[in-house]
Amino acid sequence: MAAAATCGSVAASTGSAVATASKNNVTSFQRRGRRASGTNDSGPRLVSITGTRPSVRNGQLLVSTGLPALDQLLGGGLAVGTVLLIEEDKYNIYSPLLFKYFLAEGIVNGHTLLVASAKEDPANILQELPAPLLDDKCKKEFDEDVYNHKTPESNIKMKIAWRYQLLPKMEQIGPVSSSRFGHYYDASKRMPQELIEASNWHGFFLPEKISSTLKVEPCSLTPGYTKLLQFIQNIIYEEGFDGSNPQKKQRNILRIGIQNLGSPLWGDDICCAENGGNSHSLTKFLYVLRGLLRTSLSACIITMPTHLIQNKAIIARVTTLSDIVVGLESFIGSERETNPLYKDYHGLIHIRQIPRLNNLICDESDVKDLAFKLKRKLFTIEMCWPPHYSWIHPANYLLRALILLFPLPRTMQIKITTIMSYPSNWCIF
Amino acid sequence: MARRPGTGYLGVVVRRGSTRGLDWRLGPAESGLLGHLAYSQRLTVRSRTERNWLGPSPSWAPQADLFSPRSSHSGGKLTLLCDAKTDGSFLVHHFLSFYLKANCKVCFVALIQSFSHYSIVGQKLGVSLTMARERGQLVFLEGLKSAVDVVFQAQKEPHPLQFLREANAGNLKPLFEFVREALKPIDSGEARWTYPVLLVDDLSVLLSLGMGAVAVLDFIHYCRATVCWELKGNMVVLVHDSGDAEDEENDILLNGLSHQSHLILRAEGLATGFCRDVHGQLRILWRRPSQPTVHRDQSFTYQYKIQDKSVSFFAKGMSPAVL
């Protein structure tokens, strides 16, 4: 039976691009193997691709998302072969930034880009990418920038909550060389034209493609999604990201960026109607995309206006089918804009899901209350007060001081934590 | 407490006089709690004189016969794995490694992750999926790879994931045919494998791919008739509980399967939120016990922490980090 042959035996059928991938073992979930330097290996080493590094936990190949702070929260970076889903903020101001950081990181590392959008021409998106901070001459302006925005309170040593001072900072700020993993970008400047022209990129602009005569396979997806899947599969196959072209010595990563997926511009009505006719289109698309990514050296970022989706069940299904889900919540227009706790920040960032790849556990960050701010040049993510936290009972300070001064036996400590009702992730005992 | 060889037991280690509660590891098949739940014919629950940390409950003692070796392995069991607000995939990895070690023929329909993912985790738990596949013990349907094949290339023969090409929701008959073909006993005479097992990772994905809840329930019904009743094997399926996301189709599927299953393992996140030392809570519900004297479903709740190669369970509030 064909099905048994596909999955049962290791010798896959010929002529299938995916099958050759399994033959050559180019799936992205491969441990970093140690090869002797003298041997003439026909398969290029995965480690030697620029802009990637193996994960500390399981040797998984990682790429940077363009934001070193976000990389740290995700356990080192975005794993090759996975999808990073960004739930857009309400007015779509900050999610295009994360999208552009991802693409800019690809250009700086020399990866191939695939930009898909139904709203903007991909060429225009690439023109607006932020410039990387590479040179030392920027370092002086950089230091001034950081100094000006430093608040006076941060210089005071913490007296009561001294344990928080021992926590590592969210990121280490500083300009870096181009060979490092993860770069910093200046949001106020544009990427130099020569870098964009030197890069290899493919654009998918839906209004252009929908009228052209690409052979469309019968499927129940919306035509826009079908064409996009065809396009992605063509690029992966033709440029050998799935190992179908073993003569290529230099392996590279394909960075796929899909903007505003699920919006009405893609022909999908999940943002307009609660039980539309195409309610499975988006989830089917994500499933087939996941299949394509798992068998090729690519990483994908998708921004999705989940706040517009009428049917909440679809959001749950989309979350299951994506690997990393990050939600952005900006303070513009909400009552939190005037909240004194948030005066330094522009919004909250929620890491909703982190995948468990090749492992029973994952690298979840302990800190769940994170806020972001966009300074003149940098997009930073920092720990902040949790959203429901409005007032701290003064007895908290007294009790914590007492406990730090007079260590209590453990059974008593448990009693004390249960009296005070504050979120569990603030428990420092 | 030392484990006497020859008698399987529930893996309960009661340390008398200490404040530590139950602590058993989800490691080797013979001593794992869940292993015993599934592999009921090898169990002997310790006699009633043993003190149980949960307190002497009058209903526990008669149910010591629940897993007595006298009850033969009559018909298979359907185990439902359910996760709500957390990731229950560690249960799937456990059952996969357990059944492979128990020398069963396993058909694994893996719809959500790739083969190498399960293979690498399986190596940590002590089984080699590649070797099992080569010697014919494991039949692995890799959903992601097959979906790409089906969608982009026209298939000549019926493919288990044929429904991806169809416009309106069909039925899962090709998938059932695949399972039946994979688990049917070989007529070579020698019985290499003990009994067949069907494992499905993530039935909720089928709903996302356009199948209706009723079609999925039909598929499970057909599989149960073949695997559990005809071939006397076991079935283990994983379904996500969407909770307050109001996924009606998922709720229909979950309720329907809960009604049919013999054992429900429900992994939930803690109600108080994220905790580094306690990853979640596992509720175990036995339904349809084999003895007619038992008239009540049994239910237990334990909290767990997942480590690199094992999972440790403890009673509620008894996490080693807190004590």
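Whatever comes next refers back to the structure up there.
Residues numbered from 1 in each chain as written. Chains lettered and ligands numbered in written order. Predicted model: local features only at pLDDT ≥ 70, side-chain atom pairs only at ≥ 80, totals over all residues. Heavy atoms only, no water.

Undergrad: Where do I start with the pattern of salt bridges in this structure?
TA: Residues and elements named next belong to chain A. One pass over the full model with this rule turns up 17 salt bridges over all chains. For Arg336, the salt bridge identified is with Glu329, shortest N-O distance 2.4 Å. In this structure Arg336 comes out as partly exposed when scored by relative accessible area, which is 23%. Accessibility expressed as a relative area gives 29% for Glu329, which makes it partly exposed. (Salt bridge = Lys/Arg side-chain N within 4 Å of Asp/Glu carboxyl O. Buried < 20%, exposed > 50% of the residue type's maximum accessible area, 1.4 Å probe, protein only.)

Undergrad: What am I meant to see in unusual backbone geometry here?
TA: Backbone geometry follows two general trends: most residues other than glycine have a negative phi, and most peptide bonds adopt the trans configuration. Unusually for a residue other than glycine, Asn260(A) sits at a positive phi of about 55 degrees. Of note, Asn260(A) is situated in the loop between strand E9 (254-258) and helix H10 (281-294). Even without a glycine there, the phi angle at Lys85(B) is positive, about 65 degrees. With respect to the helices and strands, Lys85(B) occurs in the loop between strand E2 (78-84) and helix H2 (89-101). (Helix = DSSP H or I, 4+ residues; strand = E, 2+ residues; numbered from the N terminus.)

Undergrad: What should I look at first to understand the side chain of Ser310(B) in this one?
TA: Within the secondary structure layout, Ser310(B) lies in the loop between strand E9 (298-306) and strand E10 (311-314). Judged by its relative accessible area of 17%, Ser310(B) is buried. Every residue in contact with Ser310(B), bar those within four places of it in the chain, is listed here: Leu360(A) and Lys305(B). (Contact = heavy atoms within 4.5 Å.)

Undergrad: Where do I start with the sheet that holds strand E3 (residues 78-79) of chain A in this structure?
TA: Across a sheet, strands are paired by hydrogen bonds formed along the backbone, either parallel or antiparallel in direction. All names here are of chain A. Read across the sheet, three strands follow the order E1-E2-E3 without closing on themselves; strand pairing throughout is antiparallel. Each edge of the open sheet is held by one strand with a lone partner, namely strand E1 (52-54) and E3. Bridging between strand E2 (residues 61-63) and E3 involves two bridges; their strand directions are antiparallel. Within E3, the position partnered with Val63 by the bridge is Leu78. (Pairing = 2+ DSSP bridges.)

Undergrad: Got a minute to help me understand the interface of chain A and chain B in this structure?
TA: When the parts of a complex come together, some accessible area is lost, and that lost area is often used as the size of the interface. Facing the 50 residues of chain A at the interface are 60 residues of chain B. For the pair chain A and chain B, the summed buried surface comes to about 5000 Å²; carbon and sulfur atoms form 60% of the total. For the pair chain A and chain B, the number of links is two salt bridges. With a closest N to O distance of 3.4 Å, Asp87(B) and Arg356(A) form a salt bridge. Scanning the region where chain A abuts chain B turns up ten residue pairs in polar contact (both at pLDDT 80 or more). Of all the elements in the fold, those that place two or more residues in the side of chain A that touches chain B are helix H1 (2-8), helix H2 (17-24), helix H9 (223-238), H10, helix H11 (312-321) and helix H13 (410-419) of chain A. The greatest single-element share of the side of chain A that touches chain B, amounting to eight residues, is contributed by H10(A). Tallied by class, the residues present in the side of chain A that touches chain B amount to 21 nonpolar, 17 polar and twelve charged. (Buried area = accessible area lost by both parts, 1.4 Å probe. Polar contact = N/O pair within 3.5 Å; in protein donor to acceptor, adjacent residues only side chain to side chain. Nonpolar A, V, L, I, M, F, W, Y, C, P; charged D, E, K, R; others polar.)

That is the geometry; function is a separate question.
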